[in-house]
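Residues per chain, in single letters:
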Amino acid sequence: MKKILVLLCALLTLLSIGCRSTGSKETESTHTDSAALDLAHSIQSPADFADKHILVAFFSRTGENFEVGFIEKGNTHIIAEQIAELTRADQIFEIKTVAPYPVDYQEMTKLAKEEQAANARPALATRVEDMDSYDIVYLGYPIWYQDLPMPVYTFLESYDFAGKTIIPFCTGSGNAMTGKEADIPLFAKGAAMRTGFGIQGKLVHSNPVQAKQEVADWLVSLGYTN
Ligand SMILES: Cc1cc2nc3c(=O)[nH]c(=O)nc-3n(C[C@H](O)[C@H](O)[C@H](O)COP(=O)(O)O)c2cc1C
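Residues numbered from 1 in each chain as written. Predicted model: local features only at pLDDT ≥ 70, side-chain atom pairs only at ≥ 80, totals over all residues.

1. Details of the overall build of the protein chain
A tally of regular secondary structure across the protein chain gives seven helices and eight strands. Taking contacts inside the protein chain between residues at least 6 apart in sequence as the whole, the part at least 24 apart equals 80%. (Helix = DSSP H or I, 4+ residues; strand = E, 2+ residues; numbered from the N terminus. Contact = placed C-beta atoms within 7 Å.)

2. Details of the site of the ligand
In the vicinity of the ligand lie 21 residues, with Gly-74, Thr-76, Pro-142, Gly-172 and Gly-201 positioned nearest. For the shell around the ligand, the secondary structure elements donating two or more residues are α2 (75-87), α3 (105-117) and β6 (165-172). Of the residues in the shell around the ligand, the class split is seven nonpolar, 13 polar and one charged. (Near = placed C-beta within 6 Å. Nonpolar A, V, L, I, M, F, W, Y, C, P; charged D, E, K, R; others polar.)

3. Remarks on α2
The end-to-end C-alpha separation of α2 is 19 Å, in line with the 18 Å expected for 13 residues at 1.5 Å each. Most of α2 sits out of view: ten of its 13 residues are buried. Considered for burial, the residues of α2 that qualify are Asn-75, Thr-76, His-77, Ile-78, Ile-79, Ala-80, Gln-82, Ile-83, Ala-84 and Thr-87. Arg-88 sits one or two residues past α2 and shows a positive phi near 50°. (Expected span 1.5 Å × (residues − 1). Buried ≥ 20, exposed ≤ 12 C-beta atoms within 10 Å, placed from the backbone.)

4. Topic: the pairing of strand β5 (residues 136-142)
For β5, the buried fraction is high: seven of the seven residues fall into the buried class. Burial along β5 is two-sided: the residues Ile-136, Tyr-138, Gly-140 and Pro-142 and Val-137, Leu-139 and Tyr-141 are all buried. As judged from the five bridges shared by strand β1 (residues 54-58) and β5, these two strands associate in the parallel manner. Across the sheet, Val-56 pairs through a bridge with Tyr-138, a residue of β5. (Pairing = 2+ DSSP bridges.)

5. Some points on unusual backbone geometry
Even without being glycine, Arg-88 reaches a positive phi, approximately 50°. Looking at the element boundaries, Arg-88 is found in the loop between α2 and β4 (91-94). Judged by local crowding, Arg-88 falls into the exposed class, with 10 C-beta atoms found within 10 Å. In this model, Asn-119 sits at a positive phi of 50°, which is unusual for a non-glycine residue. You can call Asn-119 exposed: it has 8 C-beta atoms within 10 Å.

6. Some details on α3
Here α3 spans 18 Å end to end across 13 residues, near enough to the 18 Å set by a 1.5 Å rise per residue. Looking at the residues trailing α3, positive phi occurs at Asn-119, about 50°.

7. Regarding the nonpolar core
By size, the foremost hydrophobic cluster in this structure holds 45 residues, and its most contacted members are Val-56, Ala-57, Ile-79 and Tyr-138. Of all elements in the fold, only β1, α2, β5, α4 (150-156), β6, β8 (197-200) and α7 (208-222) reach the threshold of two or more residues within this core. With residues near it in sequence (within four places) discarded, Val-56 still touches Ala-80, Ile-83, Ala-84, Ala-89, Ile-92 and Tyr-138. (Core = buried A, V, L, I, M, F, W, Y, C linked by C-beta atoms within 7 Å.)

8. Describing the environment of Ile-199
With respect to the helices and strands, the residue Ile-199 is situated in strand β8. The exposure class assigned to Ile-199 is buried, which follows from the 24 C-beta atoms found within 10 Å. Sequence separation of Ile-199 and Thr-171 is 28 residues, and the distance between their C-alpha atoms is 5.0 Å. In this view, Ile-199 contacts Ile-79, Thr-171, Asn-175, Val-204, Ala-211 and Glu-214; residues no more than four positions away in its chain are not counted.

9. Quick word on the confidence of the model for the protein chain
With 85% of its residues at a pLDDT of 70 or more, the protein chain has an overall mean of 88. Within the model, pLDDT remains below 50 along residues 12-33, and this stretch shows zero contacts once partners closer than five positions in the same chain are excluded. (pLDDT = per-residue confidence, 0-100.)

10. Examining the environment of Gln-82
By the element assignment, Gln-82 lies in helix α2. Here Gln-82 falls in the buried class, since 23 other C-beta atoms lie within 10 Å of it. As for Gln-82 and Lys-212, which are separated by 130 residues in sequence, their C-alpha atoms are 6.3 Å apart. Not counting the four nearest positions on each side in its chain, Gln-82 is found in contact with Lys-212 and Val-215.

11. Overview of the packing of α2 against α7
If you want to describe how two helices pack, look at the angle between their axes and the distance between the axes. Interhelical geometry of α2 versus α7 gives an angle of 50° and a closest axis separation of 10 Å. Considering the angle they form, α2 stands oblique to α7. Of the two possible hands of crossing, α2 and α7 adopt the one that is right-handed. On α7, the residues that touch Ile-78, Ile-79, Gln-82, Ile-83 and Leu-86 of α2 are Pro-208, Ala-211, Lys-212, Val-215, Ala-216 and Leu-219. Here the residues of the contact of α2 with α7 are counted per class, giving nine nonpolar, one polar and one charged. (Axes fitted to C-alpha atoms, helices over the stretch in contact; angles between N-to-C directions. Parallel < 35°, antiparallel > 145°, perpendicular 65-115°, else oblique. Left-handed = near helix turned anticlockwise from the far one by under 90°.)

Take a look at the structure:
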């Protein structure tokens, strides 16, 4: 009888430890959830973005691309649209070159290497006519050889960025920025910068819903809330 009582006590102690540990896991997960943006609910801009005008400008390429085959909408283009929607941007703008880039991936890589080696500034076919009216510019691009594509430098050198804040974002074969974005103010004269965001292009293509949540989680770091 004594043995049975001892066994019962041990069993009860184990059960109570088990309950406590499940409870603490729930608390952790609740904490994580509260930091993420719930995309099913409206999103509030950070206080310092109130009354600011937002432009989302991006460069992106269609055609045969790394790890995704032939695509009709570029990976960066998809992220640009998500950022424009989530931040309720005033305008989304595509940086386009006068000479279109090759559809073929190998031809594209050859040309990108040549342009980078020449520090080229490819002519742009599109221009933001009302750039003066924007305070915040989310700037998106694919990583090309660990750098920004050369037409993005043409874009940065085409405007006066005094008083504006550039917030970069990129897609690449990995899921991070390369560090080159730190030099953006050297080309975009007068621009202030905020910490940007990098995401894997393949993920954007295969799972745009997950990509959008990752964009939203990054927006939290800029001060966006539900
Ligand atoms: C010419 C070229 C060079 C690239 N170089 C890199 C690179 O150095 N690092 C990287 O992570 N991805 C690199 N990539 C992969 C692209 O950054 C990636 O596929 C990106 O998501 C493409 O975006 P887009 O569809 O908006 O053009 C390169 C792609 C191309 C076409």
